[in-house]
Amino acid sequence: MHAALIAPNKYVQGRGVMAELGNQVQPLGDHALVMADRVVWGLVEQTVTDSLNQANIRQTLATFGGEASDREIDQIRLKGQEAGANIVIGIGGGKVSDSAKAVGAQMGTGWVIVPTIASTDAPTSALSVIYSDEGIFERYLFHPKNPDLVLVDTAVIARAPVRFLAAGIGDGLSTWVEARANLESRKPAMSGGLATRAAGAIAKLCWDTLFTYGESAVLAVEQQSVTLAVEAVVEANTLLSGIGFESCGLAAAHAIHNGLTVLHHQTHSLMHGEKVAFGTISQLALEGRPLSEINELIDLCQRIKLPTTLGDLNLGEASPEELRQVAEAACAEGETIHNMPFGVTPDMVLDALRAADAYGRAYRERGQSVFGMAQEVGGN
Ligand SMILES: [Zn+2]
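Cut-offs and rules
Residues numbered from 1 in each chain as written. Predicted model: local features only at pLDDT ≥ 70, side-chain atom pairs only at ≥ 80, totals over all residues. Heavy atoms only, no water. Donors = N, O, S within 2.8 Å, 3.2 Å for Na, K, Ca; no water. Helix = DSSP H or I, 4+ residues; strand = E, 2+ residues; numbered from the N terminus. Buried < 20%, exposed > 50% of the residue type's maximum accessible area, 1.4 Å probe, protein only. Pairing = 2+ DSSP bridges. Axes fitted to C-alpha atoms, helices over the stretch in contact; angles between N-to-C directions. 1 Å grid on protein atoms, 1.4 Å probe; cavity = no way out; pocket = protein on both sides within 12 Å on 5 of 7 lines; lining within 4 Å. Points joined across faces, edges and corners; volume = space filled by probe spheres on them. Nonpolar A, V, L, I, M, F, W, Y, C, P; charged D, E, K, R; others polar. Domains from an automatic or database assignment. Contact = heavy atoms within 4.5 Å. Buried area = accessible area lost by both parts, 1.4 Å probe. Salt bridge = Lys/Arg side-chain N within 4 Å of Asp/Glu carboxyl O. Polar contact = N/O pair within 3.5 Å; in protein donor to acceptor, adjacent residues only side chain to side chain.

Enquirer: Honestly, the coordination of the zinc ion in this entry has me stumped. Any pointers?
Expert: Protein coordination at the zinc ion: the donors are Asp171 (OD), His254 (NE2) and His272 (NE2), at 2.1 Å from the metal. Here the donor residues for the zinc ion map to a single chain with the spacing D-x82-H-x17-H. Of the two residues, Asp171 is situated in helix H6 (residues 162-185) and His254 in helix H9 (residues 252-260); the sequence distance between them amounts to 83 residues. You'll find Asp171 and His254 in the same group, each marked buried.

Enquirer: Help me understand the sheet that holds strand S2 (residues 31-36) in this model?
Expert: Hydrogen bonding along the main chain pairs the strands of a sheet, whether they run parallel or antiparallel. The sheet built from six strands is open, its strands ordered S1-S8-S5-S4-S2-S3 with parallel pairing. Of all the strands in the sheet, the pair left with one neighbour each is strand S1 (11-14) and strand S3 (58-63). Averaged over all pairs of adjacent strands, the angle between their axes in this sheet comes to 15°, without regard to strand direction. Pairing geometry for S1 and strand S8 (residues 149-153), over four bridges, is parallel. Residue pairing in the sheet places Val12 in a bridge with Leu151 of S8.

Enquirer: Can you walk me through the layout of surface pockets in this structure?
Expert: Empty space among the atoms becomes apparent when a probe as large as a water molecule is rolled across them. The calculated volume of the largest pocket comes to roughly 1,200 Å³. Contributing to the lining of the largest pocket are 50 residues, with Gly93, Gly94, Ile117, Ser119 and Phe164 lying nearest its centre. The biggest single contributor to the lining of the largest pocket is helix H2 (residues 38-54), with five residues. Residues of the lining of the largest pocket, tallied by class, amount to 21 nonpolar, 19 polar and ten charged. Of the residues that make up the lining of the largest pocket, three or more belong to each of domain 1 (11-159) and domain 2 (173-368). Roughly 160 Å³ of volume is contained in the second largest pocket. In terms of lining, the second largest pocket is formed by Val162, Arg163, Ala166, Glu215, Val218, Leu219, Glu222, Glu274, Arg303, Ile304 and Lys305. Looking at the lining of the second largest pocket element by element, the count peaks at four residues for helix H7 (residues 197-222). Its residues placed into classes, the lining of the second largest pocket shows five nonpolar, no polar and six charged.

Enquirer: Just to check I follow, could you spell out the side chain of Ser241 for this structure?
Expert: As for its placement among the helices and strands, Ser241 is situated in helix H8 (residues 228-248). Given a relative accessible area of 0%, Ser241 falls into the buried group.

Enquirer: Help me understand the domain arrangement of the protein chain, please; the structure alone is not making it clear to me.
Expert: Buried accessible area, meaning the area lost when the parts come together, often serves as the stated size of an interface. Looking at the protein chain, the domain boundaries give domain 1 (11-159) and domain 2 (173-368). Inter-centroid distance (C-alpha atoms) of domain 1 to domain 2 is 26 Å. The interface of domain 1 with domain 2 comprises 29 residues on the first partner and 27 residues on the second. The junction of domain 1 with domain 2 conceals about 2,300 Å² of combined surface from both sides, 60% of it contributed by carbon and sulfur atoms. Of all residues in domain 1, Asp121, Tyr140 and Ala158 give up the largest surface area on contact with domain 2, accounting jointly for 23% of the area buried on that side. Remark: the boundary between domain 1 and domain 2 carries zero salt bridges. Seen at the junction of domain 1 and domain 2, the total is ten residue pairs in polar contact (both at pLDDT 80 or more). Those elements that provide at least two residues to the side of domain 1 that touches domain 2 are S1, strand S6 (127-131), strand S7 (137-142) and helix H5 (154-159). Ranked by residues supplied to the side of domain 1 that touches domain 2, first place goes to H5 with five residues. A per-class count over the side of domain 1 that touches domain 2 returns 14 nonpolar, nine polar and six charged.

Put into structure tokens, the structure is as follows:
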């Protein structure tokens, strides 16, 4: 089996780079199908249209309805084809990214991804996650290439609610944990080959960057500030995590995320990276990692308000049958849990979910008791 690494053709990141969109897109096409939802379009319309106009790029706007579903993708593709667009620009969150890639691939044009939040590592990859109209995970859709351009304006990212950045950290923290499992099992990644040393190093750098700068970036973005920590975390959430997962491979954490989407009434309000964070803790439990290592992850997650217990996922009252549904969906045929270096059954996943929940609760209770003691001392 050969090794392979895939990545976006160009990645541009910095404060205010949205104003350079036109110049960056100009070599790729002269009629853009611009996809964004109403809220995002309201925020970026002026900057985007000015920039594209200055570069003499015609624009057809397609309002994105909110779900990366086959129906939505078909509708937008039709609009782009009727207008004769020759480049697709997706502006917004992970579901717009995924839809823009699918639309571009189906139209046979290039595609540009402009994330306005750093909540997932979807922007750089050559795959789309397709959901039903109700938001239930359906399948991965693979495209012949990665985006032609990914453009990330950190000033825009820092103005979004901090929960998005934290969720992106949750997604990014899974990258090394899942890459490590694939490096051990030597299963091929989404790149079509085994992990290169470069991709492995990028995945590890993602982990290290998030532990070094994750909390400080969240604190800065709470103030809508762009600091070097924010730049580092946006790069980790987007580029490092994107290359890391795609060219090293996913494993249990994302399969458990996909399993959690089955209980959509309880978990649909949670973001991808929030569910992945709990999936990552569960993978560490499944792997039998030392509690000290698991607690390091739980500590960071709790500091930045990522879920670490079933209760945090609105599953505190979930029945054993419901949790079994999650475990069985996580082990479905073709799921990335089968990239683990050992065979995984639904029973093992069920126990890992319960163990992860217990670790998260124990860590929180201990933290609260220490805090309570400190207060008592302070009170005296
Ligand atoms: Zn992810």
